[in-house]
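Single-letter residue listing:
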Amino acid sequence: MAASHTSEAEPELDDIAPIRRVHVLLPLPLGTPYDYGVSPGNAVTVGDFVTVPLGKRAVNGVVWGEGPADPNNAVADSRLRPIAERLDVPPMADVTRRFVTWLADYTCASPGAALRMTMSVRAALEAPRPRLAYALAGPPPKRMTGARARVLEVLAEGLSLPAATIAELAAVSSGVVRGLVRQGTLREVQLPAEMAVPEPDIHRQGATLNEDQDQAAAELRRKVEAGVYSATLLDGVTGAGKTEVYLEAIAATLGQGRQVLVLVPEIGLTAQWLERFENRFGALPLAWHSDLGTARRRLTWRAVAQGRARVVVGARSALFLPYSDLGLIVVDEEHDSAFKQEDGVIYHARDMAVLRASLGEIPIVLVSATPSLESLVNVEVGRYGALHLPNRIGTAELPKIEAVDMRAEALSESRWISENLITAMKETLARGEQVLLFLNRRGYAPLTLCRACGHRLQCPNCTAWLVEHRFHGRLQCHHCGYNLYRPDTCPECEAEDSLVAVGPGVERLGEDVDKIFPDVPRMLIASDTVRGPEAAAEAIRMIAAGEVALIIGTQIVAKGHHFPLLTLVGVIDADLGLQGGDLRAAERTYQVLHQVAGRSGRAQRPGRAMLQTYMPEHPVMEALISGDRDSFMAREREARRAQGLPPFGRLVALIISGREEAQVIEVARDLGRMAPRQRDVEVLGPAPAPMSLLRGRFRHRLLLKCPRGTNASVLARAWVDQVDIPNQVRVAIDVDPYSFL
Ligand code: ADP
Ligand code: ZN
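Residues numbered from 1 in each chain as written. Chains lettered and ligands numbered in written order. Predicted model: local features only at pLDDT ≥ 70, side-chain atom pairs only at ≥ 80, totals over all residues. Heavy atoms only, no water.

## Re the pairing of strand β30 (residues 697-707)
Link 1 in the chain: A large share of β30 lies buried, amounting to nine of its 11 residues.
Link 2 in the chain: For strand β28 (residues 649-658) and β30, the ladder comprises 10 bridges, and the chain directions are antiparallel. Bridge pairing in β30 links G649 to P707.
Link 3 in the chain: Sheet topology note: the strand β29 (residues 682-694)/β30 ladder contains seven bridges and is antiparallel. Looking across to β30, one finds that L684 is bridged to L703.
Link 4 in the chain: Counted between consecutive antiparallel strands, the loop separating β29 from β30 contains two residues, among which R695 sits at a positive phi close to 50°. (Buried < 20%, exposed > 50% of the residue type's maximum accessible area, 1.4 Å probe, protein only. Helix = DSSP H or I, 4+ residues; strand = E, 2+ residues; numbered from the N terminus. Pairing = 2+ DSSP bridges.)

Structure below.
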């Protein structure tokens, strides 16, 4: 048997013993695993991470199965190439492999693309390298210099640090470190190749729970002890102490020796949460997010695979870490739309977390003060259990929410704060309490137009206006990053000084505030003004400590924080989220405004929230003011039921995009022609997307609507498979879409 195609460097398959054939899934957009041979004596088994040859490349993958060749598309035994290497990582758990398969099926992604999410850290698969560090050893050097003295100072407390770290901390070159080693002052030490993970101490005393909390915690402990799949909605008002309750479920899971995952919408803002976790367990959990450096990602991934990481807190991608024994998932702020991933493999992390829990036969807890309609309906029909915390901790009450009818306000130009709100702000500040002004718009102004010709400054690559960021002196597209200096003349009619900013963003609101409250220390928080988790943590700390009196922020301050001195929340434009044809616009606006209002009055002093609106009689505003969430959601539910919309029906969106509009239109038309013609299945479109140009690509959309219970993924995939799609055109399948742009 001549394996003529194998290169000399590759081991040859033994040609006497029967060849073992394994199927290896590669983290590439491929439909199926590829077959490889295993030499006798190579102890490769299903789940192992391996390196295999692919063309001229070596690629890492996972052994997905073993057995006879698929008769339809198999490589003959004689042409089978051998696995190059089994990697030094614990095998991927069976449940993770099933999760990858299910995820791919559900989202209409290729299994390889789904696998790639679990293998996002390539370096984690490499053998751990011993890391060298240096520590004090002998007498000080004969000749002492300032640089040397700084090195000794850095290592004074018996630390062992890598040369690069010493060099950085002591502000010296690494040559200084080497010099001290030669002198015998420092010695080389080996650091452990893997990360040391602090062990949470479950025997520490948590907060003394109130009666509601105690009952809820007991129920969650029972779910953990049952050790089977269950989904529970922990539904409690803002400030009810929900976190303390699920920390007890975490403690119970850790007591069983199993791992815990806590999913949060935005990891950058979890400083307070981390502090509470540390108070409870005496150790920090491992955080997982996109800002982690490569070394940290690598070590974390390995610690999770080895089971040494006990609790992981992370954004949606943390769901795809290779847990060795996951025993509980918590999804905090489960209603948050940030859980929806809109690029690549399109998925909703909350929904996929429920799937992961059911595959792993473990409990999952969904936590919110404003649960999604999806989850409420799941409770109603008995798919999820529910636990309620109707009251705030201690004597704190829910804030009083009122509307400010902007139709009755005569605000002058460049003024965004009503007299009513200004009065309330003055009173609050005079009492030494804090005010939060909420406006969900980054930058200075959302639109710049020419007073002379009416021209609006638009992004050349996207259907979007350019947003002025005056602080940076630029106009910027929030979709593709395109930006330019603010021009002095209109690019259309060349009139001079004719460009005007229209509408407020947080920067412009800041100007208004500075005019009215010139002496009040204030802070502006938006994702582009606070960069990185450390800066965010510092900002949150300053607010909680009362170091600023007035906070202006976007939705990033609305989420989950506990600011004891904050007693007034002013919403500048409560109507902002209600525009557009999104089926969840009302629900989402309710959730965001309720959450931001819920930042006030969380301690002893009563809170108040004022909503500036032109539609005070809108059901969303009425529900917020009356505090009657249940009637509002019941009405939403009936409207969705009547129209067969989620969660009573299923939707799948097809987004066709490409650089040549004619090609895009043709594919969209073909898809329209081939649309499934089935009773109960309705197809809307094709039509140009509301965002008809995005990052230079033209976009058209189709929307499939079918009853709940239909396998919408299978239907969509079969549909798309019937149409020839040229390479330059992309058809994204968005199962359960949340964005309709
Ligand atoms: P939620 O997540 O429901 O909005 P939190 O869990 O943030 O509420 O709790 C609000 C505040 O009350 C936090 O500062 C928390 O530390 C505190 N807290 C929670 N439970 C208790 C308790 N049983 N006793 C005292 N303080 C508590
Ligand atoms: Zn753009």
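Back to the text.
## Examining the site of ligand 1
Link 1 in the chain: Near ligand 1, the surroundings consist of 16 residues, among which T208, Q213, G239, K242 and R276 are the closest.
Link 2 in the chain: At 3.1 Å, a backbone N or O of A240 approaches an oxygen atom of ligand 1.
Link 3 in the chain: Between K242 and ligand 1, the recorded distance is 2.8 Å, taken from a side-chain N or O atom to an oxygen atom.
Link 4 in the chain: Out of a free accessible area of 560 Å², ligand 1 has 76% covered by protein chains.
Link 5 in the chain: Looking at which element gives the most residues to the shell around ligand 1, the answer is helix α7 (residues 242-255), with three residues.
Link 6 in the chain: Of the residues that constitute the shell around ligand 1, the class distribution is four nonpolar, eight polar and four charged. (Near = heavy atom within 4 Å. Polar contact = N/O pair within 3.5 Å; in protein donor to acceptor, adjacent residues only side chain to side chain. Areas by Shrake-Rupley, 256 points an atom, 1.4 Å probe, with all protein chains shown as cover. Nonpolar A, V, L, I, M, F, W, Y, C, P; charged D, E, K, R; others polar.)

## Remarks on the coordination of the zinc ion (ligand 2)
Link 1 in the chain: Taken together, the protein ligands of the zinc ion (ligand 2) are C459 (SG), C462 (SG), C477 (SG) and C480 (SG), with distances of 2.2 to 2.4 Å.
Link 2 in the chain: The site at the zinc ion (ligand 2) holds four donor atoms, and with the angles between them running 103 to 115°, its shape is tetrahedral.
Link 3 in the chain: The motif formed by the donor residues of the zinc ion (ligand 2), counted along the single chain, is C-x2-C-x14-C-x2-C. Note that C459 is positioned in the loop between β19 (447-450) and β20 (467-469) and C480 in the loop between β21 (474-476) and β22 (483-485), a separation of 21 residues in sequence.
Link 4 in the chain: A relative accessible area of 4% places C459 in the buried class. (Donors = N, O, S within 2.8 Å, 3.2 Å for Na, K, Ca; no water. Tetrahedral: all angles 85-135°; square planar, octahedral: opposite > 155°, others 65-115°.)

It is worth stressing that arrangement in space is one thing and function is another; only the former is reported here.
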